[in-house]
Amino acid sequence: MNIEEAREICLSMRKATEDMPFGDDYVAFRVMDKIFAGLPLEQGNMLVLKWSPDEFDDLCERYSSITQAWHWHKKHWIQIQIDADEPSDEEIRNMVSRAYELVVNKLTKAQKAQLAE
């Protein structure tokens, strides 16, 4: 997977938007103004995702290409080298979906209603 494919997956999530709040070298993906993923462009083929602290250690042990995200809360964000042999592209798609859902689940009722429109 390359960064353009990762970008397309992130933007395929319902009402996902992108912006560059941290400068020209970082693309953030949001749902209802909450970040669920990011592409640090200067680091090459990396994707940063919101993640559950309960599943963090297991995921990092399972995949050598997944580590704590640089400059993010270490137990809530993972960093994936997307051009590695593992996880597979399908697993990365599922992880993006999971990151998106983690953020959506924390939205207010009003925000969830607006998202459903």
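Described in the following lines is the structure provided in the data block. (Residues numbered from 1 in each chain as written. Predicted model: local features only at pLDDT ≥ 70, side-chain atom pairs only at ≥ 80, totals over all residues. Heavy atoms only, no water.)

A look at the pairing of strand 1 (residues 16-19)
- Summarising the sheet, strand 1 and strand 2 (residues 26-31) pair through 4 bridges and their orientation is antiparallel. By the bridge assignment, E18 is partnered in strand 2 with F29.
- Count of turn residues in the strand 1/strand 2 antiparallel hairpin: 6 residues, of which G23 carries a positive phi of about 115 degrees. (Pairing = 2+ DSSP bridges. Helix = DSSP H or I, 4+ residues; strand = E, 2+ residues; numbered from the N terminus.)

Focus on unusual backbone geometry
- Of the consecutive residues E86 and P87, the connecting peptide bond is found in the cis state with omega at -5 degrees.
- Along the chain, P87 falls in the loop between strand 6 (77-81) and helix 3 (89-104).
- Positive phi is not limited to glycine here, since M32 has a value of about 50 degrees.
- Along the chain, the position of M32 falls in the loop between strand 2 and strand 3 (34-40).
- The class for M32 is buried, based on a relative accessible area of 17%. (Buried < 20%, exposed > 50% of the residue type's maximum accessible area, 1.4 Å probe, protein only.)

Some remarks on the environment of K15
- Structurally, K15 is set in the loop between helix 1 (3-11) and strand 1.
- Sequence separation between K15 and H71 is 56 residues; the distance between their C-alpha atoms is 26 Å.
- Not counting the four nearest positions on each side in its chain, K15 is found in contact with R30, V31, Q114, L115 and E117.
- Of note is the side chain of K15, whose polar atom sits 2.8 Å from the backbone oxygen of Q114. (Contact = heavy atoms within 4.5 Å. Polar contact = N/O pair within 3.5 Å; in protein donor to acceptor, adjacent residues only side chain to side chain.)

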